[in-house]
Amino acid sequence: MRFFFSLLTLVTLLFNQAPAQSAQKATGRTGVHYEIFVRSFADSNGDGIGDLNGVTDKLDYLKDLGVSCLWLMPINPSPSYHKYDVTDYYGIDPEYGTMADFKRLLAEAHRRNIKVIIDFVINHTSNQHPWFKDAAANPTSPYRNWYVWMTPQQIDSLNLATREATADSGERSPWHVANKNADPAAARYYGMFWSGMPDLNYDEPKVRQEIYKTGQYWLRDVGVDGFRLDAARHIYPDQEEPKNPLFWQEFGRAMAQVKPDVYTVGEVWTKAEIVAPYFKGLTANFDFDLSFALQKLVAQEADTMNVVKMLAHNRAVFGQANPQFIDATMLTNHDQNRIGSVLNGNLDHEKVAASLLLTLPGNPYLYYGEELGMLGRKPDEAIREPFLWAPLAQDNQRTRWQKPYFSKDSTVAPLSRQQADPNSLFSHYKRLIQFRNGNPVLNDNLSQLVETGLKQTDLVSFIRKSGNRSVLVVQNLTGKPVTAALTATEKPFKKVVFQTVKGATVAGNNLTIPAYGCTILE
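Residues numbered from 1 in each chain as written. Predicted model: local features only at pLDDT ≥ 70, side-chain atom pairs only at ≥ 80, totals over all residues. Heavy atoms only, no water.

> So what exactly am I meant to see when it comes to the nonpolar core here?
Inside soluble globular proteins, nonpolar side chains tend to come together where they are buried. Residues Tyr34 and Phe102 are the most contacted members of the largest nonpolar core, which totals 147 residues. The element best represented in this core is helix α8 (residues 205–222), accounting for 7 residues. Residues Leu472, Leu486, Phe493 and Ile513 belong to the second largest nonpolar core, which totals 14 residues. (Core = buried A, V, L, I, M, F, W, Y, C linked by side-chain atoms within 4.5 Å. Buried < 20%, exposed > 50% of the residue type's maximum accessible area, 1.4 Å probe, protein only. Helix = DSSP H or I, 4+ residues; strand = E, 2+ residues; numbered from the N terminus.)

So this is what it looks like as structure tokens:
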């Protein structure tokens, strides 16, 4: 039964443990990554739904912005708009195009030195997947054990009827009936997110074999560069947490058999000490702690929590698990209120948030439209609204699958207007990204993070070291100039090499930063 440790599985995993590959030897590990909800990004055929050819059409834009890797949210066939409930792991959803379209996108991205990773949703399938439909219809189905089944009596005896809501799932009653007319004593299936997404049973060897085969197909036969792993912490339920990192180690070895430099990034939404073991199997994991800390300090214009100290602690914890870890950083993603709305559309605050994301260590991810200041608050559809390429009357690639409530011409300046404005949020992002890409210290995901002696809450300051080079970054969180007395740690940094707001000065032992400005010194 899945809710008891499978001794054989556990022993096998422990025996086969191996450290994750060196990040320095693999490709696609640096630069800025960009998350795309294909349905909302760009419509190439006029049906109102974004598609793969639309993404291909916009690769020059992404290259010009400075993006080095794309993360495409699910593209497999699915009955839902979001496609996190897959019905065919080998296909492309017809709404988005064909496999030929996707291979063309890959080829064109690679020609521009842009990597592509795809959402690989393997914690669960759709309840419309042929495996589950067969399993639900017949208790003797060969696919029955591919999912998790228990009778109400078994569920109650193990005290598993409910679970605590988590940041990534509010589902408290994860056991569902497959047939509403079934006997009340009949077995129910486990679906942590909702009834339409039954969890797969990874104590069943055939499930592992099939999922590994599928992943290898996308890497070897299709040519993707890696995967974003949805719900990586929930392959096994909360009470079996230790089995999850072990699974990802086995998964990583299976993928490396066909692509030694495969890039994998996990959604592990919890504290650093629990995230850390996942770095033994996954290349990177998203840093939700940093995401929420940045949102808070930027809005408050004060760093009362000492974000650099927190980040340094978390990075030390990650490094103990795997010295080659990559911290995948972000402001928000497709499951969170957009940073533009979190900051109430305050342009200065959005620029500060971008400056911190793109100068702190880690592998930064932008959520599509973040560079425009797109807005959105849950429900999920409202944080996944259409990208604004040009004013509506001139925008023949804007998607129309839903009427936007938050991000429209009256609330967000379309890209074409921001490109012509040197003071726009887009221009701010582009300058930052291009400087970051050209700076060997900032673009080194494994660079050392050093705290400074500047302990003012109106500033965020830190030093990053890579080899024999280092930079000092100082961000003014407030709307007034701030002067800081340099300590012995900062005094060697005399030369201003980049500033988001002109006017930073070093006079004697004092550094003055303009309102909301970010200054980088060597």
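Having put the structure on the table, let's press on.
> What is the right way to read helix α11 (residues 288–300) from this model?
Within an α-helix, residues lying three or four positions from one another point in the same direction, as the helix has 3.6 residues per turn. The end-to-end C-alpha distance of α11 is 19 Å, a good match for the 18 Å that 13 residues give at a rise of 1.5 Å each. In this fold, the buried residues of α11 make contact with β9 (284–286), α12 (307–321), β10 (326–330), α13 (339–342), α14 (347–359) and β13 (459–466). Between the side-chain oxygen of the N-cap and the backbone nitrogen of Asp289 there are 3.3 Å, and the N-cap of α11 in question is Asp287. (Expected span 1.5 Å × (residues − 1). Contact = heavy atoms within 4.5 Å. Polar contact = N/O pair within 3.5 Å; in protein donor to acceptor, adjacent residues only side chain to side chain.)

> I keep staring at unusual backbone geometry and nothing clicks. Help me out?
Comment: phi is negative for the bulk of residues other than glycine, and the bulk of peptide bonds are trans. Here the bond from Lys378 into Pro379 is cis, since omega is 20 degrees, no more than 30 degrees from zero. Within the secondary structure, Pro379 is located in the loop between β11 (363–367) and α15 (415–419). Positive phi outside glycine occurs at Asn306, with the angle close to 60 degrees. With respect to the helices, strands and loops of the structure, Asn306 is situated in the loop between α11 and α12. Given the relative accessible area of 28%, Asn306 is considered partly exposed. Here Tyr516, not a glycine, exhibits a phi torsion of approximately 60 degrees, which is positive. As for its placement among the helices and strands, Tyr516 is situated in the loop between β18 (510–513) and β19 (518–521).

> Help me understand the pairing of strand β3 (residues 115–120) in this model?
Here is the key point about a regular strand: its side chains alternate between the two faces of the sheet. Counting buried positions over the 6 residues of β3 gives 5, a clear majority of the element. The pairing of strand β2 (residues 67–72) with β3 spans 4 bridges and is classified as parallel. Its bridge partner lying in β3, Trp71 is registered against Ile117. For the crossover that starts at β2, traverses helix α5 (residues 99–111) and ends in the parallel β3, the hand is right-handed. (Pairing = 2+ DSSP bridges. Right-handed = clockwise from strand over helix to strand, strands pointing away.)

> Can you help me understand the sheet that holds strand β17 (residues 505–507) in this one?
Working definition: the strands of a sheet are paired by backbone hydrogen bonds and lie parallel or antiparallel to each other. Here 3 strands make up an open sheet; going across it, the order is β15-β18-β17 and the pairing antiparallel. The open sheet has two edge strands, β15 (482–485) and β17, and neither has a second partner. On average, adjacent strands in this sheet sit at an angle of 20 degrees to one another, irrespective of strand direction. Relative to β18, β17 is paired through 3 bridges, and the arrangement is antiparallel. Bridge pairing in β18 places Ala507 opposite Asn510. (Axes fitted to C-alpha atoms, helices over the stretch in contact; angles between N-to-C directions.)

> How should the sheet that holds β2 be read in this particular structure?
If you trace the 8 strands once around the closed barrel, you get β1-β2-β3-β7-β8-β9-β10-β11, paired in parallel fashion. Going across the sheet, the axis of each strand differs from the next one's by a mean of 25 degrees, ignoring polarity. Note: strand β7 (residues 226–229) against strand β8 (residues 263–266), 4 bridges, orientation parallel. Residue pairing for β8: Gly226 is matched across the bridge by Tyr263. Its contacts with the sheet place α5 against β2 and β3, and it is angled at close to 140 degrees to β3.

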